[in-house]
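Residue strings, one per chain:
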Amino acid sequence: MHDSQQYSYHTFQFDFSRCEVVTTSGTSELEPKVMAVLELLYHNQGKVISSEDIFNQVWPGRVFNASLIQRAIALIRKALNEQAATANYLVTYPKKGYCLKEEAAKFSGNRIKLFLLAISVLVFFVVGVVAHVYKKQHLVPMHFTSLSPLTHKQQNAFAFSQNRNANEMLFVKEGDLGSALWLKNGVNESEIFNTPQKITHTFWFKGQPAFTARNNHQGTDVFVLNHLGQANQLFSVEYLMNVAPKSVGQRIYIAHLNQITVFDDKAAKLHIFSVFENAKGVISFSVSQDLEKVAVLTDEGQMRKAVSIINIKTKNKERIFQDVGNYTSLDWHASGLQLLLAKNTQLMLLDVERGKTEVLPYATNKTITQAQFDKHVDAILIEHTHLNVVLALKSVNENPTTFKRIDLAGANLMPISNSSGDILFSSDFSGEQALYRSRNNELTVLAELNKGQHLNGFAWLSDNAFIYSLGKQLVINDGNSVKQIHSLSHSVFIRQFLPQQNTLLVHQLINGKTYPSTLSLDSFEVTQLGNEQASCVTGDDNGNIYFVENNNTIKQRNKKGQINTLLTIPDNRVDDLLSDGEDLFASIKKAEGYMVIRINPRTAEFETILVDENAILAGVEKQGKFWFYQDIAVKSSLMRLY
């Protein structure tokens, strides 16, 4: 690729080194591989480049995957504000490839320049007047369809704030010894400050990073970083702040209980700005610098919430909205006509003049603790709280070793490896469940689920092909595209693929009960292994199948179809049952936690395997390697909705 600097294309600026597309309405960040596709097209303007050629240059050495190209083209078009059907810049030539239209030659000459300048000024003036009138009469439509991580680092991140004056964002990450303040500048991220104190909120003061931290007296210290990265304390209060401060010029607004207080940096004094006498507390607030108004979300008790608008100059207060529910944040839109509200897993727009709300079409199963409009592009920045589950591939011998670790800031589940070492697993870190492949630490989305769909297990069929269940539907993918979709009469959960028989081991759901079953991929016939409800079906390389009845009795079904009791675990519950082809491994749930036992299926003898206290068995591989669920906790992740 070329050395990437800023390049002009029509009304756009492409910064390939920073992975940014600058338009007249703001800046869009693209993933490095997507930007590489755009760079290739830019340096070959006017030429039609096939999908295969694009893939070979951007993803060299990998098996061709058309979906990666299609996704990259879609993201580039979104950054260029155009649709495929009406594309003016990036054109699709069916069965041939893609072409970035060549920019017309630029004409010079003082008279032409002056004429164009005059026309531009006139157009700018007319558009400004029309936009001003339109802004007064209409609400801004919101159409967001895509969700992506806001930070590259997927560990626990929270308390974000955006610099109004530059494309910068602060966020916090917790460490072993305290808290770390991180700065995101464009696509670059770096730690800029750490402290043993617990950082609770971030904000910007006079264009400089600022934050709040708990002190040893159960109060809050407020700091601003100078140009050397040193923290200077602005002031301290004798209480804990539950809401992030907001700054305007020399003033910093803070909330405590049912009042908002202002710190004047010039006078170095605190004074009360407004009190909500009938409210239990302030949940969130937002300052509109242009309108000189403050919007405040308050808790009125008994799950009632209210939104009020305060005039900064007159201190007049007007309640514009009230509702029942778990509202967590609000933020002004740049137009001043709308407020963005977060309620549980929903995003809502509140019409300031009419007091009416509209739910944004945004699908997530995660609680939104903070949401605000991006100040530089047409997007919404979101903080999710989620269940975080890390996948760790470890040995459990005398010298435990971690071979692989997957932490996507979400519930990462059910890892399965193929003979090449590729890992198939599911995660919901993007907001919805998706099926991922990890190959040499590079992640690929293999299947994205639509709203309301549930991923009911999956398995490798070969080194490239895989199958997954969407309840009553089985989907087979050859590694490049969906090859077959088969409908069943009952929902099934895929547990394992038995290649010798070309058969799946599944749990069949009938009348709310699960029955271990086999599912032939030749005929798609489903056969129950027994008449009793059971779970945790698995098989070995010798043709035996195992499952668990009554949560603690392990049954064996041999090749002749005979079912025998192999082992009963008294006083405990079998959480999962897995096989490495020879031995069985059971994850046992005890009153004080989990343990793993190895079972010899020929003798029914078993032994306890020592594992970490906070680890749960997730999978078994050859050569004594075990997958574990680790670091299971409720954490936060930062996302961009655009």
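All residue numbers here refer to positions counted from 1 along the written sequence of the relevant chain. Local features in this predicted model are restricted to residues of pLDDT 70 or higher, and side-chain atom pairs are both shown and tallied only at a pLDDT of 80 or more, whereas totals for entire chains, interfaces and linings draw on every residue. Note that the side-chain values use all heavy atoms of the structure and ignore hydrogens as well as water.

## Quick word on the sheet that holds strand 1 (residues 6-9)
Only strands that DSSP links by at least two bridges are regarded as paired with each other. Each helix corresponds to a stretch of at least 4 residues labelled H or I by DSSP, and each strand to a stretch of at least 2 residues labelled E; elements are numbered beginning at the N terminus. In space, the 4 strands of this open sheet follow the order 1-2-3-4, with antiparallel pairing throughout. A strand with exactly one partner marks an edge of an open sheet, and here the two such strands are strand 1 and strand 4 (26-29). Averaged over neighbouring strand pairs, the angle between their axes works out to 20° when direction is ignored. Taken together, the 4 bridges between strand 1 and strand 2 (residues 12-15) define a ladder with antiparallel strand orientation. Pairing of Q6 across the sheet is with D15, part of strand 2. Packed on one face of the sheet, helix 1 (residues 32-42) meets strand 1, strand 2 and strand 3 (20-23) and runs near 115° to strand 2. To get an axis, a line is fitted to the C-alpha atoms, and for a helix only the part in contact is used. The angle between two axes follows their N-to-C directions and goes from 0 to 180 degrees. We call two residues contacting when some pair of their heavy atoms lies within 4.5 Å.

## Quick notes on the packing of helix 1 against helix 2 (residues 51-58)
In the contact formed by helix 1 and helix 2, the axes pass within 10 Å of each other and the chain directions differ by 120°. Regarding the angle of helix 1 to helix 2, the classification is oblique. Classified by chirality, the crossing of helix 2 by helix 1 is right-handed. Only I54, Q57 and V58 of helix 2 make contact with helix 1, whose side of the interface consists of K33, A36, V37, L40 and L41. Note on angle classes: values under 35 degrees are labelled roughly parallel, values over 145 roughly antiparallel, values of 65 to 115 roughly perpendicular, and the remainder oblique. In this scheme the handedness of a crossing depends on how the near helix is turned from the far one: anticlockwise by less than a right angle means left-handed, clockwise means right-handed.

## Overview of helix 1
With a 1.4 Å probe rolled over the protein chains alone, any residue whose accessible area is under 20% of its type maximum counts as buried; one over 50% counts as exposed, and the rest are partly exposed. Counting buried positions over the 11 residues of helix 1 gives 9, a clear majority of the element. Turning to helix 1, its buried residues number three or more, namely V34, M35, A36, V37, L38, E39, L40, L41 and Y42.

## Structural notes on the pairing of strand 22 (residues 304-311)
Of all 8 residues in strand 22, 6 are buried, a share of seventy percent or more. The pairing of strand 22 with strand 23 (residues 317-324) spans 7 bridges and is antiparallel. In the strand pairing of strand 23, K305 is matched with D323.

## As for the pattern of salt bridges
Take a side-chain nitrogen of Lys or Arg and a carboxyl oxygen of Asp or Glu: if they are within 4 Å of each other, that pair is a salt bridge. This model, assessed by the stated rule, comprises 24 salt bridges. Linking D351 and R354 is a salt bridge whose minimum nitrogen-to-oxygen distance equals 2.7 Å. Under the relative-accessibility criterion, D351 is labelled buried at 8%. Owing to a relative accessible area of 57%, R354 belongs among the exposed residues under this scheme. A salt bridge links D576 to R495; the nearest nitrogen and oxygen atoms lie 3.0 Å apart. Here the residue D576 occupies a position in strand 47 (residues 573-579), and R495 occupies one in strand 39 (residues 491-498), the gap between them amounting to 81 residues. Residue D576 is classed as buried on the basis of its relative accessible area of 13%. On the basis of relative accessible area, R495 is assigned to the partly exposed category, the value being 21%. Beyond isolated ion pairs, a larger network of salt bridges with shared partners links E29, K184 and E189.

## Some details on the sheet that holds strand 43 (residues 535-539)
With respect to topology, 4 strands assemble into an open sheet ordered 43-44-45-46, the strand pairing being antiparallel. Two strands in the sheet have a free side with no partner beyond their single neighbour: strand 43 and strand 46 (563-568). Averaged over all adjacent pairs, the angle separating strand axes in this sheet is 25°, with direction ignored. Bridge analysis of strand 44 (residues 545-549) against strand 45 (residues 553-557) gives 5 bridges, and the strand direction is antiparallel. Among the inter-strand pairings, Y546 is bridged to a residue of strand 45, identified as Q556.

## Brief notes about helix 2
Listed in full, the buried residues belonging to helix 2 are S51, I54, F55 and V58. Around the axis of helix 2, the buried residues are gathered within 95° of arc, so they sit on the same side. Buried positions along helix 2 lie against helix 1, helix 3 (66-79) and strand 6 (97-100). An arc is given here, and it is the one of the directions from the helix axis to the C-beta atoms.

## A few points about unusual backbone geometry
Non-glycine residue H10 carries a positive phi angle of around 50°. The topology assignment puts H10 in the loop between strand 1 and strand 2.

## Some words on the packing of helix 1 against helix 3
Taken N-terminus to C-terminus, the directions of helix 1 and helix 3 make an angle of 75°; their axes are 9 Å apart at the nearest point. Classed by the angle they form, the pair helix 1 and helix 3 counts as roughly perpendicular. Contacts between helix 1 and helix 3 involve V34, V37, L38 and L41 from the first element and A72, I73, L75 and I76 from the second. Across the contact of helix 1 with helix 3, the residue classes tally to 8 nonpolar, no polar and no charged. Residues are grouped as follows: nonpolar covers Ala, Val, Leu, Ile, Met, Phe, Trp, Tyr, Cys and Pro; charged covers Asp, Glu, Lys and Arg; every other residue, Gly included, is treated as polar.

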